[in-house]
Amino acid sequence: MLIFAFFTPRFLQSEKDLEFSAKNIYSQQVQIGMFLQKNKKIKTVIANDIGAICYFSDVKIIDLMGLGSTNILILKKNNPEQYKYYLNHVNYDLMVIYDSWFSNDKMKTRVKIAELKNLHHQVFGDNKVSFYIPQNSNLKKDLLESLKNLKKQLPKDTELIIYN
């Protein structure tokens, strides 16, 4: 009885969290993955939450956390200065990250073009995902147009703020 009494409330809370987490992942990460799949001009993406992005798109992903890019993990662990240098010089089309996970000085050559916010954050890394492009990107106009189209299709609990 003691075990049952201890685990039942935790089980019920976990079941509730599971429902919210599925909605949160759909509202944020699945939307990003489908956005990337529709945009054939995007070839390389830097991201720090790669699960749904990998599943729903076929872009090359550079994983800032190192789980999907072991060379990044080794660099990050063994040589932080070289890691920062790499981030400032790697070629990419779009960066999709949680700003709260990274300090602003890591990538000085990027321009924020949008933020995707989940209004009912429950489970995942952060309720806001930022979209960045390199300063010299030729894709800015196309990406801004694509983001406007994405905005029309988002779930009600998700907001997209686009910067020009």
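Trainee: Hey, could you run me through the overall build of the chain in this one?
Mentor: Counting secondary structure elements, the chain contains five helices and six strands. Order of helices (α) and strands (β) in the chain, N terminus to C terminus: α-β-α-β-α-α-β-β-β-α-β. Here the chain holds 164 residues, and 44% of them are scored as buried. For the chain, contacts bridging at least 24 residues in sequence account for 56% of all contacts bridging at least 6. Working note: accessible area of the chain is about 9,800 Å², and carbon and sulfur atoms make up 57% of it.

Trainee: Can you walk me through helix α5 (residues 140-153) in this structure?
Mentor: In an α-helix, one full turn covers 3.6 residues, which means residues spaced three or four apart are oriented alike. Between the first and last C-alpha of α5 there are 20 Å, a value that for 14 residues agrees with the 20 Å anticipated at 1.5 Å per step. Taken together, the buried positions of α5 are Leu143, Leu144, Ser146, Leu147 and Leu150. Along the long axis of α5, the arc covered by the buried residues comes to 165°, so they all point the same way. Among the exposed residues of α5, those oriented more than 90 degrees off its buried face are Lys141 and Lys152.

Trainee: Even after reading the chapter, I still don't get the sheet that holds strand β5 (residues 128-134), so can you show me in this structure?
Mentor: Strand order in this open sheet of six strands is β2-β1-β3-β5-β4-β6, and the pairing throughout is mixed. Every other strand in the sheet has two partners, leaving β2 (60-63) and β6 (158-162) as the edge strands with one partner each. Strand after strand, the sheet turns through a mean of 20° between neighbouring axes, direction not considered. Summarising the sheet, strand β1 (residues 44-47) and β2 pair through four bridges and their orientation is parallel. Each bridged residue has a counterpart across the sheet, and for Thr44 the counterpart in β2 is Lys60. Here α5 sits on the sheet and contacts β3 (94-97), β4 (110-118), β5 and β6; the angle it forms with β6, its principal contact strand, is near 155°.

Trainee: Explain the packing of aromatic side chains to me, please; I cannot follow it from the model alone.
Mentor: With the rule as written, the count across this model stands at three aromatic pairs. Plain terms: the ring middles of Phe35 and Phe131 are 6.0 Å apart, the flat faces sit at 90° to each other, and that makes the pair edge-to-face. Of this pair, Phe35 sits in helix α1 (residues 2-38) while Phe131 sits in strand β5, and the two are 96 residues apart along the sequence. With respect to class, Phe35 is no different from Phe131; both count as buried. Measuring from centroid to centroid gives 4.9 Å for Tyr98 and Trp101, while their planes differ by 55°, and the two rings are tilted. Relative accessible area serves as the criterion here: at 1%, Tyr98 is assigned to the buried category. Take Trp101: its relative accessible area is 37%, and that puts it in the partly exposed class. Stacked on the ring of Tyr132, the Lys or Arg Arg110 has its end atom at 4.3 Å from the ring centre.

Basis of the calculations
- Residues numbered from 1 in each chain as written.
- Predicted model: local features only at pLDDT ≥ 70, side-chain atom pairs only at ≥ 80, totals over all residues.
- Heavy atoms only, no water.
- Helix = DSSP H or I, 4+ residues; strand = E, 2+ residues; numbered from the N terminus.
- Buried < 20%, exposed > 50% of the residue type's maximum accessible area, 1.4 Å probe, protein only.
- Contact = heavy atoms within 4.5 Å.
- Areas by Shrake-Rupley, 256 points an atom, 1.4 Å probe, with all protein chains shown as cover.
- Expected span 1.5 Å × (residues − 1).
- Arc of directions from axis to C-beta.
- Pairing = 2+ DSSP bridges.
- Axes fitted to C-alpha atoms, helices over the stretch in contact; angles between N-to-C directions.
- Phe/Tyr/Trp six-rings, centres within 6.5 Å; stacked < 30°, edge-to-face > 60°.
- Lys NZ or Arg CZ within 6 Å of the ring centre and 35° of its normal.

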